[in-house]
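# Structural features, examined
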Amino acid sequence: MPTPKKSRRVTKELLMLRALNPRMALTDTDRKKYYALEKGYQGEVMFDALTEGLKNNCIVLNGLLFKLKEKHFQIDTIIIFQKTIYLIDVKNFEGDYIYKSDPDRFCKNDTEIDDPILQLFRSESKLRQLLDEYRFNLLVESYVVHINPTFTLYKAPQNNHVILPTQINRFIRKLENIPSNLNGGHERLADLLISLDQGDYPNAPKPTYCYEQLRKGTCCSKCNSFSVSVGERKMVCNLCGFEERLESVVLRSVGELRLLFPEFKITTNLVFEWCGDVFSKKMIRRVLKANYTLVGHGQWSFFE
Ligand SMILES: [Zn+2]
């Protein structure tokens, strides 16, 4: 049963949008982006739960961004078997689409999406080049998996590389029945691919925001509600009842500040204000001291 050798990370862009969303009205573009990224991510996580159940000998790598000839290309999931590498792109489209050709695309009301198979084949060809470069010669097979059970594609062309929601179980069983014995070479390949992962797109668009405009306060980490009650040790959400230790709330808030304002110096006063003046400065300082290093003295000191 493979735990993924590389697990999926939430991209920095999505983390930022998640942190901003409860604190401001996102611009139209950012809101659409947020929705699309969140949906895509949730779909990938759904697929990860399926590959985690594979019982044969294989290596699963989730969420990779490669660079080839100065261009980036992203792969949702790679599964390494003895003779074949599976390259999988997960789509979380919802509802009814109609397939149209020339150019190949999916249409829903007035929206059109490029047929993901085109992107898939481009990624496949790039992955082959990458493998060639490092002299690995395994077969590559690639698939688009439509994970959302409500997705329907009318007039879908016959294509063995597209897995529709009703075919997913069969697809997973097919993967499970691939005879596979891995050796050190496969491990080296997996390590190589992980080492080539670029993490986040270097030029990922940054959402538009500034410190002054953002709502200050602490929201529930489960439901994002700002309606919370702060006790001596815990914060309790008035909406969903979720409880979180104060130390964890403070550290989460510092994480948001560092993500959204990497240029800011972390001070007790800054965290106090960001959290909406509800925690004692003494407690914030204690948490910061225990988890970060204090630099400098007196009013100019900050935490790193
Ligand atoms: Zn809540």
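Fair warning: this is a prediction, and the values are worked out from it, not measured in the lab.

## A few points about the pattern of salt bridges
In the structure shown here, the tally under the stated rule is 18 salt bridges. The salt bridge involving Asp-48 is made with Arg-8; its shortest N-O contact spans 2.8 Å. In this pair, Asp-48 sits in helix H2 (residues 28-51) while Arg-8 sits in the segment before helix H1 (12-20), placing the two residues 40 residues apart along the sequence. Side by side, Asp-48 and Arg-8 carry an identical accessibility label, which is buried. It is possible to trace a salt-bridge network through shared partners that takes in Lys-5, Glu-187 and Asp-191.

## As for the domain arrangement of the protein chain
Its domain assignment divides the protein chain into domain 1 (12-196) and domain 2 (216-303). Between the C-alpha centres of domain 1 and domain 2 there is a distance of 36 Å. On the side of domain 2, nine residues touch domain 1, which itself brings seven residues to the contact. With both sides pooled, the region where domain 1 packs onto domain 2 buries about 770 Å², and carbon together with sulfur makes up 67% of that total. On the domain 1 side of the contact with domain 2, Met-16, Pro-22 and Arg-23 bury the most area, a combined 66% of that side's loss.

## Side note on the coordination of the zinc ion
Around the zinc ion, the protein supplies Cys-220 (SG), Cys-223 (SG), Cys-237 (SG) and Cys-240 (SG) as donor atoms, at distances of 2.3 to 2.4 Å. Coordination at the zinc ion comes from four donor atoms whose angles at the metal span 105 to 118°, giving a geometry best classed as tetrahedral. Here the donor residues for the zinc ion map to a single chain with the spacing C-x2-C-x13-C-x2-C. Residue Cys-223 is located in the loop between helix H5 (184-196) and strand E10 (228-230), and its partner Cys-237 is located in strand E11 (residues 234-237); the two are separated by 14 residues in the primary sequence. Its relative accessible area of 31% is what places Cys-223 among the partly exposed residues. By relative accessible area, Cys-237 is classed as buried at 5%.

## A closer look at the packing of aromatic side chains
Applying the stated criterion across every chain yields a total of 17 aromatic pairs. Ring centres 5.4 Å apart and planes at 80° place the aromatic pair Phe-81 and Tyr-86 in the edge-to-face group. With respect to class, Phe-81 is no different from Tyr-86; both count as buried. Taken together through their ring pairs, the aromatic side chains of Phe-93, Tyr-97, Tyr-99, Phe-106 and Phe-151 make up a single cluster. Sitting over the ring of Phe-302, Lys-265 keeps its end group 4.8 Å from the ring centre.

## Quick word on the confidence of the model for the protein chain
For the protein chain, mean pLDDT is 93; residues scoring 70 or higher make up 99% of the total. Averaged pLDDT values for the elements of the protein chain fall to 86 in strand E6 (residues 111-114) and rise to 97 in strand E12 (residues 243-245).

## As for the sheet that holds strand E8 (residues 152-154)
Read from one edge of the open sheet, four strands run E6-E5-E4-E8, paired in mixed fashion. The open sheet terminates on both sides in strands that have one partner only, identified here as E6 and E8. Sheet twist, expressed as the average angle between the axes of neighbouring strands with direction ignored, equals 30°. Judged from the three bridges that link them, strand E4 (residues 96-100) and E8 form a sheet pairing that is parallel. Bridging from a neighbouring strand, Tyr-97 pairs with Leu-153 of E8.

## Details of unusual backbone geometry
The residue after Asp-102, namely Pro-103, is reached through a cis peptide bond having omega -10°. Position of Pro-103 among the secondary structure elements: in the loop between E4 and strand E5 (105-108). The phi dihedral of Asp-102 is positive, around 50°, even though this residue is not glycine. As for its position among the elements, Asp-102 is in the loop between E4 and E5. In this structure, Asn-109 takes a positive phi of about 50° despite not being glycine. Its place among the elements puts Asn-109 in the loop between E5 and E6.

## A closer look at the pairing of E4
For a regular strand, the rule is simple: side chains alternate between the two faces of the sheet. Of the two faces of E4, the one holding Tyr-97 and Tyr-99 is buried and the one holding Asp-96, Ile-98 and Lys-100 is not buried anywhere. Examined bridge by bridge, E4 and E5 share three bridges and lie antiparallel to one another. Counted as the bridge partner of Tyr-99 is Phe-106 from E5. Hairpin connection from E4 to E5: four residues lie between these consecutive antiparallel strands, with Asp-102 at a positive phi of about 50°.

Reading guide: rules and limits
Each chain has its residues counted from 1, following the order in which its sequence is written. In view of the model being predicted, local features appear only for residues whose pLDDT reaches at least 70, and side-chain atom pairs are presented and counted only at 80 or more, with totals across whole chains, interfaces and linings using the full set of residues. The side-chain quantities take in all heavy atoms of the structure and omit both hydrogens and water. Salt bridges are defined as contacts in which a side-chain nitrogen from Lys or Arg sits within 4 Å of a carboxyl oxygen from Asp or Glu. Secondary structure elements follow DSSP: runs of H or I of four or more residues count as helices, runs of E of two or more count as strands, with numbering from the N terminus. For each residue, the accessible area found with a 1.4 Å probe, counting protein chains only, is set against the maximum for its type, and the residue is called buried under 20%, exposed over 50%, and partly exposed in between. Each domain's extent is set by a domain assignment, obtained either automatically or from a database. Only heavy atoms matter for contacts: two residues are in contact if any of them lie within 4.5 Å across the pair. Accessible area, probed at 1.4 Å, shrinks when two parts are joined; the buried area is that loss added up over both. A donor here means an N, O or S atom no more than 2.8 Å from the metal, or no more than 3.2 Å when the metal is Na, K or Ca. Since water is not included, a site may seem to lack partners. By the criteria applied here, four donors are tetrahedral when all angles lie between 85 and 135 degrees, four are square planar and six octahedral when opposite donors are over 155 degrees apart and every other angle lies between 65 and 115, and any other arrangement is irregular. Ring pairs shown here join Phe, Tyr and Trp side chains whose ring centres sit within 6.5 Å, with only the six-membered ring taken for Trp; geometry is labelled stacked below 30 degrees between planes, edge-to-face above 60, and tilted in between. Definition used: whenever NZ (Lys) or CZ (Arg) falls within 6 Å of the ring centre and also within 35 degrees of the ring normal, the charge is taken to sit over that ring. pLDDT: the predictor's confidence for each residue, scored from 0 to 100. Here a strand pair is declared whenever DSSP counts at least two bridges between the two strands. Every axis corresponds to a line fitted to the C-alpha atoms, with the helix fit spanning only the stretch in contact, and the corresponding angles, defined between N-to-C directions, vary from 0 to 180 degrees.

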